[in-house]
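Secondary and tertiary structure notes
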Amino acid sequence: MGRRGLLWAVAILTFAADQGSKAWVRENLALYESWAPIPALARYFTFTHVTNTGIAFGLFREWGSVLVAVAVVVIAFLLLYARQLATARWPVQIALGLQLGGAFGNLLDRLRFGFVTDFLDFKFWPVFNLADSAIVVGMLLLLLFLEEDKARAPAASPPPEDPSRNP
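Our subject in this report is the structure included herewith. Keep in mind it's a predicted model, so treat the numbers as computed, not measured. (Residues numbered from 1 in each chain as written. Predicted model: local features only at pLDDT ≥ 70, side-chain atom pairs only at ≥ 80, totals over all residues. Heavy atoms only, no water.)

1. Here's the deal with the sheet that holds strand β1 (residues 34-35)
- Spatial strand order, β1-β2-β3: three strands in an open sheet with antiparallel pairing. A strand with exactly one partner marks an edge of an open sheet, and here the two such strands are β1 and β3 (116-121).
- Two elements, β1 and strand β2 (residues 46-52), share two bridges in a ladder whose sense is antiparallel. Looking across to β2, one finds that serine 34 is bridged to threonine 48. (Pairing = 2+ DSSP bridges. Helix = DSSP H or I, 4+ residues; strand = E, 2+ residues; numbered from the N terminus.)

2. Quick look at the packing of aromatic side chains
- Evaluation of the coordinates by the stated rule reveals nine aromatic pairs.
- Centre to centre, the rings of tryptophan 24 and tryptophan 35 are 5.4 Å apart; their planes meet at 50°, and the pair counts as tilted. One end of the pair, tryptophan 24, is in helix α1 (residues 3-28); the other, tryptophan 35, is in strand β1, and 11 residues separate them in sequence.
- With a centroid separation of 4.7 Å and an interplanar angle of 45°, the aromatic rings of phenylalanine 45 and phenylalanine 122 are classed as tilted. Taken together, the positions of phenylalanine 45 in the loop between β1 and β2 and phenylalanine 122 in the loop between β3 and α4 (130-152) put the pair 77 residues apart, joining distant regions of the chain. (Phe/Tyr/Trp six-rings, centres within 6.5 Å; stacked < 30°, edge-to-face > 60°.)

3. Describing the side chain of threonine 48
- For threonine 48, the location among the structural elements is in strand β2.
- Judged by its relative accessible area of 8%, threonine 48 is buried.
- Within polar-contact distance, the side chain of threonine 48 engages the side chain of threonine 46 at 2.9 Å.
- For threonine 48, the side chain forms a polar contact with the side chain of aspartate 121, separated by 2.9 Å.
- Each residue touching threonine 48, except ones within four places of it in the same chain, is listed here: Tyr32, Glu33, Ser34, Asp118, Phe119, Asp121, Lys123 and Val127. (Buried < 20%, exposed > 50% of the residue type's maximum accessible area, 1.4 Å probe, protein only. Polar contact = N/O pair within 3.5 Å; in protein donor to acceptor, adjacent residues only side chain to side chain. Contact = heavy atoms within 4.5 Å.)

Here you go:
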């Protein structure tokens, strides 16, 4: 599988995991219902079915159509960026795949339902979903590996001085 294939495989797997997990939550938990998959950790982590018409942490709840437009622009940017980085190292391809899969997952929710289904509840943090996680992890990986690539690149040497310019 080529590098571009890796990006698309990660994007498709991320999208499928996100959509599958959200469908399971919508089918098995009533709105605001919680379930502890590991009962001993229920004080720290549960699946809690909530919806979010805004962005992270429920901000901008009234901006539904604006958020759809923003998501489309972000996805278009990621697709263009992915083309420019088609030969980038595999961690960068994974990072972009995570971001694309997550962005498509949340966009599909907004288009189908008018909200995003969230369910990962760590009690000390606002409830989120797999798409949100993929976007954040993908961004962190991208920043990490692009910075690493910059550090590895040979330093540009200054251009030679032109002796005719010296008085």
